[in-house]
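# Observations on the three-dimensional arrangement
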Amino acid sequence: MKIGIAGGIGSGKSYVCQKIEQRGFEIYDCDRAAKRLIRQSADIRQRLISLIGPEAYEVTTDENGAANYILNKSAVARFLLASESNAKAIDAIVHPAVFKDFEESGLQWMESALMFDSGANSLVDKVIAVVAPKEVRIQRVMARDHISREKVLEWMGRQMDQEEIIKRSDFVIINDGKTNIDEQLNKIIIQCNRLF
């Protein structure tokens, strides 16, 4: 059985994933995989250059004369934020590559901040939503990223609403800093074992 971990910014998905990994399960991190594939895949690189232009990557050469391609984050961000259709065009390149990579990984667990937005939920049997009160989430992100409350709220506004994530998920873990995560995980794992 394949299980997805979903949740908005500041919900504490990473913390819950650490708890799961402590139980011996390896988790596929979609965000980390996307960054790796954008850096390493020649196909993705060529498609992003075709879409955005040559400024999508900075090219350096090593001592042997081999080219090294480094994603130009500012150029990509400008393109991405210019329109919704631009964001969708980038997603159409990156998401299928991540999905293929996940399927080839053979892993049973997947973490994705865009579980439902990207369609990654179609690759798993069950989804666990990691949730926390809005104010807790805001404070976590402000402390972690050293950014303003307004910036956090802007990021949150771009993501699927937490209530919608809960509706679409099979299980919920409350990560408010008070409720016991291990007890919640134990119940979910027992239920999953009964289902499959």
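Predicted model only: the values in this text are computed from it and were never measured.

## Some thoughts on the sheet that holds strand β6 (residues 126-131)
With parallel pairing, five strands are arranged side by side in an open sheet as β2-β5-β1-β6-β7. Either end of the sheet is taken by a strand with one partner, and the two such strands are β2 (27-29) and β7 (171-174). Sheet twist, expressed as the average angle between the axes of neighbouring strands with direction ignored, equals 25°. With four bridges connecting them, β6 and β7 associate as parallel partners. Across the sheet, the residue bridging to Val131 is Ile174, located in β7. Packing of helix α5 (residues 84-105) onto the sheet brings it into contact with β2 and β5 (109-111), and relative to β2 it is tilted by some 160°.

## Describing the state of the cysteines
According to the stated counting rule, one finds zero disulfides in the structure shown. Counting only cysteine sulfurs, Cys30 is the nearest neighbor of Cys17, a cysteine outside any disulfide, at a range of 10 Å. The class for Cys17 is buried, based on a relative accessible area of 4%. With a relative accessible area of 9%, Cys30 lands in the buried category.

## Some details on the pattern of salt bridges
Pairing between side chains of opposite charge can happen when the charged atoms of each approach one another. This structure, assessed with the given rule, holds twelve salt bridges. Ionic pairing is found between Arg32 and Asp29, a salt bridge with its closest N-O pair at 3.4 Å. In this structure, Glu104 engages Lys100 in a salt bridge whose closest nitrogen and oxygen atoms are separated by 2.9 Å. One end of the pair is Glu104 and the other is Lys100, both in helix α5 and four residues apart, which spans about a single turn. There is no split in this pair, since Glu104 and Lys100 are both exposed.

Each value, and the rule that gives it
Residues numbered from 1 in each chain as written. Predicted model: local features only at pLDDT ≥ 70, side-chain atom pairs only at ≥ 80, totals over all residues. Heavy atoms only, no water. Pairing = 2+ DSSP bridges. Helix = DSSP H or I, 4+ residues; strand = E, 2+ residues; numbered from the N terminus. Axes fitted to C-alpha atoms, helices over the stretch in contact; angles between N-to-C directions. Contact = heavy atoms within 4.5 Å. Disulfide = S-S within 2.5 Å. Buried < 20%, exposed > 50% of the residue type's maximum accessible area, 1.4 Å probe, protein only. Salt bridge = Lys/Arg side-chain N within 4 Å of Asp/Glu carboxyl O.

Everything listed here is a matter of coordinates, which is why it stays silent on function.
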